[in-house]
Structure formats: C-alpha cells, structure tokens
Amino acid sequence: MSQQNPATLKVGAIGGGQLARMMTVPAINLAIDFKVLAEAEGSSAALAATQVGDYNQLDVVREFAGTVDVITFDHEHVPMAVLEPLEAAGVNVQPPSNALAFAQNKLHMRQKLGALGLPMPDWAQIEDAHTLDAFINAHGGVAILKTPIGGYDGKGVRVVKSSEDAADWLNNLAAYGGSLLAEEKVDFVRELAQLSARRPSGEFAAWPLVQTIQENGVCSVVLAPAPNASESVLEQTAQIAKSVAEGLGVTGVLAVELFEARDGRILINELAMRPHNSGHFTIEGSVTSQFEQHLRAVLDLPLGSTEMRATHAVMVNLLGVDDKNNFVQAYPAALVAHPTVKIHTYGKGARAGRKMGHITVVGDSAEAILAEAKGAAAVLLRG
Ligand code: ADP
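All values derive from a computational prediction rather than experimental measurement.

## A word on the overall build of the chain
Scanning the chain from N- to C-terminus turns up 12 helices and 17 strands. For a compact globule of 383 residues, the expected C-alpha radius of gyration is about 21 Å, and the chain comes in at 21 Å, within 12% of that figure. Expressed as lengths along the three principal axes of its C-alpha atoms, the size of the chain is roughly 70 × 55 × 45 Å. Counting only residues that meet the buried cut, the chain has 53% of its 383 residues in that class. Once local pairs closer than 6 in sequence are excluded, the contacts in the chain between residues at least 24 apart make up 63%. Accessible area of the chain: about 16,300 Å², with a carbon and sulfur share of 51%.

Printed below as a string of structure tokens:
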C-alpha cells in the first residue's frame, strides 16, 4: 500500500513556464504539495503535478483552486474576470488581484506609481496621433511607445519619432485596451533591478540591488550585486521596492526594473509580481532563493535571509540561437571546461531568441565569474 503524503501545505501556480519549474525544487525541499495549471502538455513545469487547462476559463481555474491552499502565478496574464470571482468566493490568491492588476496594465501601473509619488519616466496616455506627436515634440523628438497590456521581453515596446511610426497600433487601439503608453526615452547609464518579497501579514525582505543587461530587449546578463552602486542609489532603490510592495499590496516576490539615468535619477520602468529573471542568481547566490521565498511568502510563512552566499554572483541567460540547440548534448564539453558553473536547462523546445536556460556562477572576482559563465554559455549554445 502506498503511504499518504503527509504534506499539508498546497500551492498552485498558474502557468507552466520555467518560473513554475524552478519553484518545484524548494517545494520538494519544504514538502509543499506544488501543483501547476499549464497551458499545454510538455510544459517547462511538467515535472510538477501538472494539470493542463485554460487559465482564461473560470471553471477550470476554480476547479484547480479547489485542490490547493493558495493560488499564485508563473505569469501575470490571468484575467481579472477569473480572479475576482474566485477571491469573492474565498479563494486565497497571492498576489491578490487588486495588486496584480497593476502588473497587467502598464498604464494603471504608471497612474498608481504617480499617485504614490514614486519616480518614473515622464509618461502620457495616448489615444490619438495628435497627443502622441505633442508628447514626442515635448521630449526631444523621440518617445518610447508601449502597449499597456500583454507585452513581454520587449514585445510591445518601440521607439517612435512620429505618430506615423505607430500607425498600425493607433489604427487598432481596441486590440490594446483602447490606449497606448508613451514614455520619455530615458538616457540611462544602466538598468537595475530590485527584487524583494512580502508576506500577506506584512513582513518584507529585499535582496541586494542587481544590474541587468539586455540584448534586443531581452535580459541577457545579471550582475549581483550591482557594481559600484552609490549609497544614495542603494537607499533609493530599497525604499522604492518597499513603497511599491506596500503601496500596491504586493505579496510574494516583486521585481522592480529600474533605470539609472545619466542625470542621476533612479526611475521605475516595470514591475513583475512573481519570481523574475533578474533573481535567478539567488538560487546559488543567496541564502534564500527567490523561488523558495515566493513559496514562503504566498503561504505567509516567515521569510528567509536574503544575504549573498558569495561576494559576487553572475547569471547569463541561454537564449536560443536556432531551433537545433540541444544543451544536454553539449553538457560533457561545457562541464569539463567550466566545472564551477551551475547550469539550468528549462526543458523547452529550441527557438532563436527564446529563454531556454541560464547559467549562474558565484565567486570573489566579478570579472572571472562573468568570463566563466559566458564561456560555458558559448559551449552550450554551440552544442
Ligand atoms: P517588457 O515588458 O517587454 O520587458 P519594458 O517596458 O521592460 O518591456 O521595456 C523593454 C526594454 O526597452 C527595457 O529593458 C529598456 O531597455 C527599453 N525601455 C523601456 N522603456 C524605456 C524608456 N522609457 N526609456 C528608454 N528605454 C526604455
């Protein structure tokens, strides 16, 4: 006779991507019964107890929610029309829908951050070509235009010098919720990210500030901690994360993507209310990984230490080169040449530009670990 699993903590994640996949490891360690509602068979998180279903359907999500203590997310696309009735019926959703709403819609996020007095690029809500041209003219002849809903990894973001550059979006506004978001094009010296976690009962913990480096709008490298960050920058970014988490009622992991502008301003770009690419380094680099912390936070368990376990950590994303990439095949070559690296492969089909895995290296020399991580990445991507 098989023995009944004595675990009583049950977490359900909606979305079967690599973030849900990476939550399974700490879930196993803490004997958390972790379930995933995935979009399709063979998802990245298929190693967990996975059910396939459409997260847009209330009945599907309601049934899934009935099997767990708390619902959380691998992505932020679950509609309010699904989450709100579940919450009204007593389902424990973390982060709650009224916080997640700000991560789903960049215009709502800008409005809310403005009301809280937090620093952002200049922005405007755009509903016609005239308003966009006026904004562009007032900001040196260039703006960043974003679709408020559904963008990720730089999709839904473009540089515009005239409303004509965005005619396709402006002529199809209904598909983007009726309006677009224009922002000043920030002249930044670098991009930063401040990762933190918050429990429903209020406890808050932040990891060290990191620098993120993007290629074609996709994160490619993370340096932890952010090199040469001034005391003032560290104070501002820590305060921003706490104000966002508390002001928006975020629970679980929160990533605040930031710009360090050439004129010294620290400005909020984006928010993610789930584990985030900027925090993958925490698996090996921190006492508590973002994936463990997320599970603890959504269960309202005490948070773990966010101290670094080494002076430096570096994360390099494995972005697909073509549809033939096969990291596993390249393991022998990569592992023999780079014994200090930690490889994470997401079990996803290969495609150019796709986030298919990442590498983390920790150590005392920031330069040496970056070289090591990049070297291993090159071997894996060639293989
Ligand atoms: P996504 O939601 O697709 O990740 P982001 O809003 O984070 O989109 O934008 C993607 C990238 O575009 C950013 O990482 C940054 O490099 C650039 N970007 C976005 N907004 C601005 C801005 N206001 N000024 C300058 N660059 C920007």
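Resuming the write-up.
## With respect to helix α1 (residues 18–29)
All of the buried residues in α1 are Gln 18, Leu 19, Ala 20, Met 22, Met 23, Thr 24, Pro 26 and Ala 27. Where α1 is buried, its residues meet β1 (10–14), β2 (33–38), β4 (70–73), α9 (282–285), α10 (290–298) and β17 (355–363). Among the residues trailing α1, Ala 31 stands out with phi positive, at a value near 55 degrees.

## Points about the sheet that holds strand β3 (residues 49–52)
Strand pairing within a sheet occurs via backbone hydrogen bonds; the two strands may be parallel or antiparallel. On the basis of which strands lie adjacent, the open sheet formed by four strands has the order β3-β2-β1-β4 and parallel pairing. The open sheet has two free edges, formed respectively by β3 and β4, since each of these has just one partner strand. With strand direction ignored, the average angle separating the axes of adjacent strands in the sheet is 25 degrees. Relative to β3, β2 runs parallel, the two sharing four bridges. Bridge pairing in β3 links Lys 35 to Ala 49.

## Some points on the packing of α1 against α10
α10 packs onto α1 with a crossing angle of 75 degrees between their chain directions and a minimal axis gap of 8 Å. Between α1 and α10, the interaxial angle falls into the category roughly perpendicular. For the pair formed by α1 and α10, the contact residues are Leu 19, Met 22, Met 23, Pro 26 and Ala 27 on the first element and Phe 291, Glu 292, His 294 and Leu 295 on the second. Broken down by class, the residue content of the contact of α1 with α10 amounts to seven nonpolar, one polar and one charged.

## Focus: the side chain of Ser 289
Note that Ser 289 resides in the loop between α9 and α10. If we skip the residues at most four places from it in the chain, Ser 289 touches Trp 207, Thr 282 and Ile 283.

## With respect to the environment of Asp 300
With respect to the helices and strands, Asp 300 occurs in the loop between α10 and β15 (312–319). Discounting chain neighbours no more than four positions away, the residues touching Asp 300 are Arg 199, Pro 200 and Ser 201. Polar side-chain contacts of Asp 300 include one of 2.7 Å to the side chain of Ser 201.

## As for the layout of surface pockets
By volume, the second largest pocket is sized at about 340 Å³. Along the walls of the second largest pocket sit 19 residues, with Met 22, Val 25, Pro 26, Ile 283 and His 344 positioned nearest its centre. Those elements that place two or more of their residues in the lining of the second largest pocket are α1, α9, α10 and β16 (342–345). Take the lining of the second largest pocket: its biggest share by element is six residues, from α1. For the lining of the second largest pocket, the per-class residue count stands at nine nonpolar, seven polar and three charged.

## With respect to the packing of aromatic side chains
Following the criterion strictly, the structure yields two aromatic pairs and no others. Summarising the aromatic geometry, the rings of Trp 169 and Tyr 176 are spaced 5.9 Å apart at their centres and angled 55 degrees between planes, so their arrangement reads as tilted. For the residue pair Trp 169 and Tyr 176, the accessibility class agrees, reading buried in each case. Here the aromatic rings of Phe 188 and Phe 259 are separated by 4.9 Å at their centres, their planes lie at 10 degrees, and the arrangement is stacked. Of the two residues, Phe 188 is situated in strand β9 (residues 188–198) and Phe 259 in strand β13 (residues 252–261); the sequence distance between them amounts to 71 residues. For Phe 188, a relative accessible area of 32% corresponds to the partly exposed category. The residue whose ring lies beneath Arg 158 is Trp 169, and the NZ or CZ to ring-centre distance is 4.0 Å.

## Some words on the side chain of Glu 183
Relative to the helices and strands, Glu 183 resides in strand β8 (residues 180–184). In this structure the side chain of Glu 183 is engaged in a polar contact, spanning 3.1 Å, whose partner is the side chain of Lys 146.

## Topic: the nonpolar core
Counting residues in each nonpolar core, the largest one holds 43 residues, and the members touching the most others are Ile 14, Leu 113, Val 244, Ile 268, Leu 271 and Met 273. Mapped by element, the contributors of at least two residues to this core are α2 (58–65), β4, α3 (80–88), α4 (97–104), α5 (106–115), α8 (231–248), β13 and β14 (266–272). The leading source of residues in this core is α8, at six residues. Look past the residues within four positions of Met 273 in its chain and what remains in contact with it is Glu 76, Pro 95, Ala 99, Leu 100, Phe 102, Ala 103, Leu 248, Val 250, Val 253 and Leu 254.

What counts and what doesn't
Residues numbered from 1 in each chain as written. Predicted model: local features only at pLDDT ≥ 70, side-chain atom pairs only at ≥ 80, totals over all residues. Heavy atoms only, no water. Helix = DSSP H or I, 4+ residues; strand = E, 2+ residues; numbered from the N terminus. Rg over C-alpha atoms; globule rule 2.2 N^0.38 Å. Buried < 20%, exposed > 50% of the residue type's maximum accessible area, 1.4 Å probe, protein only. Contact = heavy atoms within 4.5 Å. Areas by Shrake-Rupley, 256 points an atom, 1.4 Å probe, with all protein chains shown as cover. Pairing = 2+ DSSP bridges. Axes fitted to C-alpha atoms, helices over the stretch in contact; angles between N-to-C directions. Parallel < 35°, antiparallel > 145°, perpendicular 65-115°, else oblique. Nonpolar A, V, L, I, M, F, W, Y, C, P; charged D, E, K, R; others polar. Polar contact = N/O pair within 3.5 Å; in protein donor to acceptor, adjacent residues only side chain to side chain. 1 Å grid on protein atoms, 1.4 Å probe; cavity = no way out; pocket = protein on both sides within 12 Å on 5 of 7 lines; lining within 4 Å. Points joined across faces, edges and corners; volume = space filled by probe spheres on them. Phe/Tyr/Trp six-rings, centres within 6.5 Å; stacked < 30°, edge-to-face > 60°. Lys NZ or Arg CZ within 6 Å of the ring centre and 35° of its normal. Core = buried A, V, L, I, M, F, W, Y, C linked by side-chain atoms within 4.5 Å.

Limitation: the analysis is restricted to geometry and does not speak to function.
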